[in-house]
Amino acid sequence: MKRHAEGGFTLIELMVVVGILTVIMAIAIPVAGQMRQKGNMAREVSAARQLMTAYLLYPADHNGELLPGYGDFPAVDEQGNELHSPVSSRYPWRIAPYLGYDMRILWGNTADDRLAKMKQGPPASYHYGVSVQPSMGINAAYVGGDYQTLPPNSDKAISRYGQFCVTRVGQAVAPQKLIAFASAGSSYQGEKLSGYFKVEPPNLTKRNWPRTYSASATPDQTGHVDFRWDSKAVAAMLDGHIELLTFEQMDDMRRWSNQASLANNATWALGQSEEPSASTGDTEVGSHVDGKPINEKP
């Protein structure tokens, strides 16, 4: 390029350089964002594997019973301090001993800094935050059991719906297809948050999800499943392996319910089991499919 005697650049030359830099940045920034996204996804997949290792260790200490997804069960923090409901009702602090109390595994890749800051604050806030907003939510209704909404040990529920919940690994007809955990999300005061302690299936006694996927849909609309990885969610299966699934793939009740697999019915809903129902009463066990605590805050 031709320079002035003073050694400077002409205005045109500067404009060309700025234009080239702008083009390079326009290419580099999306690429860097995609690389960061893929890195975060890989970290969540790795965390999901560790979570399933811990989840499948639990039955060895509990006579083969799977960890209940939600219910009034005992839990302690890493110092041995007793925790109380609702913190102890959610799965994170009850699975914590099998994770060596490394709670970063539960919170995934988007909350490490937040977790570290919370740990420096009041213990009660830290305990609550860890319990309510893990990266992966549990399929509590059909795996392990949701003892708040639809207790799997309820005689009334079993007589009406049959053996709807897998509480032991050996009960699953297709553990390699049965979702135990999935990428979860929630919202609080209009803000979308990454993480929630349980995920809910497309159908319970009625349809929970929209019929088709929309990128603008919030996790609250899809049972707290968050399709945050290029319109896919990380799913941890009961046999321990991990998959990335689309909305269409997860909108298959055979991935959520053992009864749906037995009936080979992708659109199955609770109460459609081929198992005989002994109840004809009006008790709507589990009919309030939401079941999540009201106004949960992070």
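Numbers given for residues are sequential positions, taken from 1 along each chain in its written order. Residues qualify for local features only when their pLDDT is at least 70, as the model is predicted, and side-chain atom pairs are given and counted only at 80 or more; totals for whole chains, interfaces and linings, by contrast, use all residues. By convention in this description, side-chain values take in all heavy atoms of the structure and omit both hydrogens and water.

Overview of a nonpolar patch on the surface
- Nonpolar side chains (Val, Leu, Ile, Met, Phe, Trp, Tyr) are joined into patches within 5 Å and like charges within 9 Å, using only residues with over 30% relative accessible area and no salt bridge. Throughout, the Shrake-Rupley method with a 1.4 Å probe supplies accessible areas, and for residues the shown protein chains are the sole cover considered. Salt bridges, as used here, are contacts in which a Lys or Arg side-chain nitrogen is within 4 Å of a carboxyl oxygen on Asp or Glu. Nonpolar side chains collect at one region of the surface, where Ile12, Val16, Val17, Ile20, Leu21 and Ile24 lie side by side and expose about 540 Å² of accessible area between them.
- Position of valine 16 relative to the elements: it lies in helix α1 (residues 11-61).
- Residue classification places valine 16 among the partly exposed residues on the basis of a relative accessible area of 43%. Helix numbers and strand numbers start at the N terminus; a helix is a DSSP run of H or I with at least 4 residues, a strand a run of E with at least 2. In this scheme, a residue with accessible area under 20% of its type's maximum is buried, one over 50% is exposed, and one in between is partly exposed, where area comes from a 1.4 Å probe on protein chains only.

Some points on the packing of aromatic side chains
- Any two rings among Phe, Tyr and Trp, with Trp reduced to its six-membered ring, count as a pair given centres within 6.5 Å; such a pair is stacked if its planes are under 30 degrees apart, edge-to-face if over 60, and tilted if neither. For the structure on display, the rule yields 15 aromatic pairs.
- Between the aromatic rings of tyrosine 213 and phenylalanine 247, the centroid separation amounts to 5.7 Å while the plane-to-plane angle is 40 degrees, which identifies the pairing as tilted. With tyrosine 213 in the loop between β6 (191-194) and β7 (232-237) and phenylalanine 247 in helix α7 (residues 247-250), the pair connects residues that are 34 residues apart, well separated along the chain.
- When its relative accessible area of 3% is taken as the criterion, phenylalanine 247 is described as buried.
- Grouped by ring-pair contacts, the aromatic residues Trp209, Tyr213, Phe227, Phe247 and Trp256 constitute a single cluster.

Some thoughts on the pattern of salt bridges
- Scanning all chains against the criterion turns up 10 salt bridges.
- A salt bridge links arginine 228 to glutamate 44, with the nearest nitrogen and oxygen atoms 3.0 Å apart. Here arginine 228 is found in the loop between β6 and β7, whereas its partner glutamate 44 is found in helix α1, with 184 residues between them in sequence.
- Between arginine 254 and aspartate 252 there is a salt bridge whose closest N-O contact spans 3.0 Å.
- In this structure arginine 254 comes out as partly exposed when scored by relative accessible area, which is 28%.
- Salt bridges here are not isolated pairs; linked through shared partners, they connect Glu44, Lys192, Asp226 and Arg228.

Concerning the pairing of β7
- Taking burial as the measure, the 6 residues of β7 include 5 buried ones, the bulk of the element.
- We call two strands paired when DSSP finds no fewer than two bridges between them. As defined by bridge partners, strand β4 (residues 179-183) adjoins β7 across 3 bridges and the pair is classed as antiparallel. Across the sheet, the residue bridging to alanine 182 is alanine 235, located in β7.
- For β7 and strand β8 (residues 242-246), the ladder comprises 5 bridges, and the chain directions are antiparallel. Residue pairing in the sheet places alanine 236 in a bridge with isoleucine 242 of β8.
- Here β7 hands over to β8 after 4 residues, with glycine 240 in that stretch at a positive phi of 105 degrees.

Focus on the nonpolar core
- Buried Ala, Val, Leu, Ile, Met, Phe, Trp, Tyr and Cys residues that are joined via side-chain atoms within 4.5 Å together make up what is termed a nonpolar core. Grouped together as the largest cluster of nonpolar side chains are 40 residues, with contacts concentrated most on Tyr55, Tyr91, Trp93, Ile95 and Phe181.
- Of all the elements in the fold, those that place two or more residues in this core are α1, α2 (92-95), α3 (104-107), α4 (112-119), α5 (123-132), β3 (136-138), β4 and β7.
- Per element, the largest residue contribution to this core is 8 residues, and it comes from α1.
- Tyr161, Cys165, Ala233 and Trp256 belong to the second-largest nonpolar core, a separate cluster that totals 30 residues.

Function cannot be read off these values alone, since they describe shape.
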